[in-house]
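# Overview (structure and organization)
Spelled out from the first residue to the last, the chains are:
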Amino acid sequence: MDARPYRSVLYIPGSKARALEKAAGLACDAIIFDLEDAVAVTEKASARALLAETLARTEYGPRAKLLRINDLASDWGRADLEVLAETGPEAILLPKVGSAADVEALARFLDARPATAETRIWAMMETPQGVQNAPAIARAPRMAGFVMGTNDLAKELGARFRPDRLPLMLALQACLMAARGAGIVAVDGVFNAFRDEDGLRAECEQGRDLGFDGKSLIHPAQIDTANAVFAPAPEELDLARRQIAAWQEATERGEGVAVVDGRIVENLHIETARRQIARAEAIARLKEAM
Ligand code: COA
Ligand code: MG
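Residues numbered from 1 in each chain as written. Chains lettered and ligands numbered in written order. Predicted model: local features only at pLDDT ≥ 70, side-chain atom pairs only at ≥ 80, totals over all residues. Heavy atoms only, no water.

### A few points about helix α8 (residues 169–182)
As a reminder, the rule being used: Strands are runs of DSSP state E lasting at least two residues, helices are runs of H or I lasting at least four, and both sets are numbered from the N terminus onward. Expected span, for any helix, means 1.5 Å times one less than how many residues it has. A 1.4 Å probe rolled over the protein chains alone gives each residue an accessible area, and that area as a share of the maximum for its type sets the label: buried under 20%, exposed over 50%, partly exposed in between.
Taking 1.5 Å per residue, 14 residues should reach 20 Å; α8 reaches 20 Å between its end C-alpha atoms and fits that length. Restricting attention to buried positions, one finds in α8 the residues Met 169, Ala 171, Leu 172, Cys 175, Leu 176, Ala 178 and Ala 179. Positive phi appears at Gly 183, one or two residues downstream of α8, with a value of about 75°.

Encoded structure:
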């Protein structure tokens, strides 16, 4: 799996020059440059040109860059792909993926061009068909990550918004399960009320507890919360280090199990502890590079 952090994944409308400039200095781990739903129908062509031109001259540093094109069955998707492929993108984010065949078609397009030899594919998981086909989509060629499209999904299901997201839980978990089974990244959906910080924090915590790598965001004011919630906390790192030390001592004594804070520590807990430490180190390296 991509070892980079994806705690905060910010959408930027490809039509908004000011936001595109601003993003180069924001503390988000990744950016979704959007030509799809954040761009009005009347602005599709101008946003495509603005985005291609901005990507060619702007340095976005260590932030991961995902380019969200329009659906390939739409009037604009193919043109988005033709123009953005020229920029040698690290990743294309495909909206409304319904099956592995959608990803395979995009992969064939990328295979045919030298500029996109290394380009990875990410999928928006936001339709009932996509969720049902999640395991095959996660294993399709060039796949690197899922982004949950919770607004589209709620619309398709006829589900209502609830703070506990119970109506979406099956889909969230099915996609997470598929992503983990294939070893790809999984990013949670957006929180629409971008001025409600407590609501955002609660939803980030829920996504983190489910196992997501991070949250997709719509406004810069949401970045700090996502970065904090999806990073290992100091007390978690402290526990991880104590678990590793105790387990090493136990192993030297010829025992396979240690006890820390009244709880057993086995080999599998050590893997989790090491992963937490590696995550904290990756976050520190990213911060350093910004
Ligand atoms: N990325 C980068 N910068 C952004 C931004 C974003 N997603 N959203 C807002 N900003 C910038 C604005 O340009 C503004 O910059 P400035 O003050 O330096 O000029 C600053 O942040 C404050 O913006 P604010 O006035 O609070 O927001 P707004 O009312 O202009 O816009 C939204 C609110 C929700 C319309 C806007 O944030 C947005 O378009 N978000 C993305 C929506 C999207 O991509 N949807 C598709 C996926 S669900
Ligand atoms: Mg969508």
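What follows picks up the thread again.
### Concerning the domain arrangement of the protein
Applied cut-off: The domain limits used here are those given by an automatic or database domain assignment.
Each assigned domain of the protein is listed here: domain 1 (8–229) and domain 2 (234–289). Each of domain 1 and domain 2 was reduced to a C-alpha centroid, and the two centroids are 32 Å apart.

### Comments concerning the environment of Ala 64
Quick note on the threshold: Whether two residues touch is decided by their heavy atoms; if any such pair falls within 4.5 Å, the residues are in contact.
Structurally, Ala 64 is set in strand β3 (residues 64–68). Residues Ala 64 and Asp 29, 35 residues apart in the sequence, show an inter-C-alpha distance of 6.5 Å. If we skip the residues at most four places from it in the chain, Ala 64 touches Arg 4, Tyr 6, Asp 29, Ala 30, Ile 31 and Glu 90.

### Description of the coordination of the magnesium ion (ligand 2)
Short version of the rule: Distances decide who is a donor: an N, O or S atom must be within 2.8 Å of the metal, or within 3.2 Å for Na, K and Ca. Water is not included, so sites may look incomplete.
Distances from the magnesium ion (ligand 2) to its protein donors, Glu 126 (OE) and Asp 152 (OD), fall at 2.0 to 2.2 Å. Of this pair, Glu 126 sits in the loop between β5 (120–125) and α5 (128–132) while Asp 152 sits in helix α7 (residues 150–157), and the two are 26 residues apart along the sequence. Take Glu 126 and Asp 152: they sit in the same class, and that class is buried.

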